Amino acid sequence: MQKIGNLKIKEGAFLAPMADYTNVAFRTLAKEYGSTLGYTELVSAKAICFNSKRTFEMLEVSEEEKPVFLQLFGNDPEVIANAIKIVEKKLPKNFVGYDLNCGCSVPKAIKGKYGCYLMDHPVLVGKIIAAMKNATKKPITAKLRIGLEKETFLEVAKEAEKNGADAICLHARFGKQGYSGVADWKKIKELKNKVKVPVIGNGDVVDVTTYKKMKKETNCDFVMVARGIIGNAFLFKQIKQFCEGKKVKEKNEKEILIEGKRFLELANDFSLGVNNVRGYFIGLANGFNGAKKLRDSFARAKNIEEIEKPFLKFFK
Ligand SMILES: Cc1cc2nc3c(=O)[nH]c(=O)nc-3n(C[C@H](O)[C@H](O)[C@H](O)COP(=O)(O)O)c2cc1C
């Protein structure tokens, strides 16, 4: 058993924060399949302070998916600390910790001076982390990139650690890269050698082989997976089997059917709209004869029924 702050965590992989994907249903599915920690998508600290109804809907958490971290974005230490205090007061049991987004590199984030913008402002990151630590007893993490355009992750990580961060996550790409190119795992190894707090490695883990490889090559304490899980929560099951020393099962069409049906049930339980379901099914329809046709029909679907019907018909 490893720890982030006072939180004990089993060996395995984390579900990464993903905007428009890691809603309560997706995270519950991931937990059922074996993710050891989930993250919400990025949530605006300012909107929490403004008591935005839509933002509070994003804070829904199921009992089954716990433990989960809330990822916040913003740039004002006071606003972010206030957001945490509000969540702690209104929803004290939802989250086991809070994460600071320092990785979002879309133009809106850089212009708005949050997300990956913070990678060029290590001292500010330190101030935000200190304010977050003051607002709660729960663990605080920061999710970094290598830098926005120039390499700054070691400076940012050290400021975060100095001010109380309990773990540092590194998506080993520059902000300017978006998701292109290959994640540079050497940077994760470098980070692991430079900080004392646990390191969460992230970038390009898509199967058990890459999971093992990242752990071995970087010595990171935890691994976080994003795109490899879209339509493939089964990967968490495989990683769990590997960690428990069991035989890793191959995914087959029966498993695809089980996973898809379960996601549909959860989508219904948590009233997801078609836009929160489509992407998952496009990911699920992969690697078998007829998958492309099925994917195309999911892409055109205007409601969940138009996803469910062809999916169930195909696998019947
Ligand atoms: C659709 C999508 C949405 C994402 N949203 C977030 C987000 O809200 N917060 C965040 O820190 N990272 C976000 N990311 C980045 C991922 O968490 C992760 O760092 C990145 O995809 C690299 O991991 P991977 O190679 O396993 O996909 C997002 C990625 C994708 C593909």
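Since the structure is predicted, the reported quantities are computational estimates derived from the model, not experimental observations.

S.K.: Please provide a residue-by-residue account of the domain arrangement of the protein chain, values included.
M.R.: Accessible area lost on assembly of the parts is the figure often given for the size of an interface. For the protein chain, the assigned domains are domain 1 (2-243) and domain 2 (253-315). Interface area for domain 1 against domain 2, summed over the two sides, is near 1300 Å², with a carbon-plus-sulfur share of 63%. There are one salt bridge connecting domain 1 and domain 2. Between glutamate 32 and arginine 262 there is a salt bridge, and its shortest N-O distance comes to 2.7 Å. On the surface where domain 1 and domain 2 come into contact, there are seven residue pairs in polar contact (both at pLDDT 80 or more). The biggest single contributor to the side of domain 1 that touches domain 2 is helix α1 (residues 24-33), with seven residues. Of the residues in the side of domain 1 that touches domain 2, the class split is ten nonpolar, five polar and three charged.

S.K.: An account of the pattern of salt bridges is needed here, citing residue identities and associated values.
M.R.: For side chains bearing opposite charge, pairing can occur when the charged atoms are close. In this structure the tally under the stated criterion is 21 salt bridges. Across the pair lysine 133 and aspartate 166 runs a salt bridge, and its minimum N-O distance is 2.9 Å. With lysine 133 in helix α6 (residues 122-135) and aspartate 166 in the loop between α7 (153-162) and β9 (167-174), this residue pair connects regions lying 33 residues apart in the sequence. One salt bridge connects lysine 192 with aspartate 221, and the closest N-O pair in it is separated by 2.9 Å. Of this pair, lysine 192 sits in helix α8 (residues 185-194) while aspartate 221 sits in the loop between α9 (208-218) and β11 (222-225), and the two are 29 residues apart along the sequence. Linked by salt bridges that have partners in common, Glu32, Arg262 and Glu265 make up one network.

S.K.: Describe the site of the ligand, and please don't skip the residues or the numbers.
M.R.: With respect to spatial proximity, 18 residues lie near the ligand, and among them Gln71, Lys143, Asn202, Asp204 and Arg227 are the closest. Side-chain polar atom of lysine 143 to an oxygen atom of the ligand: 2.8 Å apart, as the coordinates give it. For the ligand, an oxygen atom lies 2.5 Å from a polar atom in the side chain of asparagine 202. When the ligand sits alone it has 610 Å² of accessible area, and the protein chains cover 89% of it.

S.K.: Could you give an account of the environment of valine 87, naming the residues involved and the relevant values?
M.R.: Mapped onto the secondary structure, valine 87 falls in helix α4 (residues 77-90). When the C-alpha positions of valine 87 and isoleucine 48 are compared, they lie 8.0 Å apart, and in sequence the two are 39 residues distant. Not counting residues within four places of it along the chain, the set of residues in contact with valine 87 comprises Ile48, Leu59, Leu70, Pro92, Phe95 and Tyr98.

S.K.: Let's hear about the packing of aromatic side chains: which residues, and what values?
M.R.: For the coordinates displayed, the defined rule picks out 18 aromatic pairs. With centroids separated by 5.0 Å and ring planes inclined at 85°, the aromatic side chains of phenylalanine 281 and phenylalanine 311 adopt a geometry described as edge-to-face. Residue phenylalanine 281 is found in helix α12 (residues 278-284), and its partner phenylalanine 311 is found in helix α14 (residues 305-315); the two are separated by 30 residues along the sequence. Through a chain of ring-to-ring contacts, the aromatic side chains of Tyr21, Phe26, Phe263, Tyr280, Phe281, Phe288, Phe298, Phe311, Phe314 and Phe315 assemble into a single cluster.

S.K.: If you had to explain the UniProt feature "domain: DUS-like FMN-binding" (unreviewed entry) in the protein chain to someone new, which residues and values would you point to?
M.R.: As recorded in UniProt, the sites labelled "domain: DUS-like FMN-binding" (unreviewed entry) are residues 15-306. As annotated, residues 15-306 comprises 45% helix and 14% strand, and the C-alpha atoms at either end are separated by 27 Å.

About the criteria used
- Residues numbered from 1 in each chain as written.
- Predicted model: local features only at pLDDT ≥ 70, side-chain atom pairs only at ≥ 80, totals over all residues.
- Heavy atoms only, no water.
- Domains from an automatic or database assignment.
- Buried area = accessible area lost by both parts, 1.4 Å probe.
- Salt bridge = Lys/Arg side-chain N within 4 Å of Asp/Glu carboxyl O.
- Polar contact = N/O pair within 3.5 Å; in protein donor to acceptor, adjacent residues only side chain to side chain.
- Helix = DSSP H or I, 4+ residues; strand = E, 2+ residues; numbered from the N terminus.
- Nonpolar A, V, L, I, M, F, W, Y, C, P; charged D, E, K, R; others polar.
- Near = heavy atom within 4 Å.
- Areas by Shrake-Rupley, 256 points an atom, 1.4 Å probe, with all protein chains shown as cover.
- Contact = heavy atoms within 4.5 Å.
- Phe/Tyr/Trp six-rings, centres within 6.5 Å; stacked < 30°, edge-to-face > 60°.
- UniProt positions renumbered as here; feature names shortened; annotations may be inferred.

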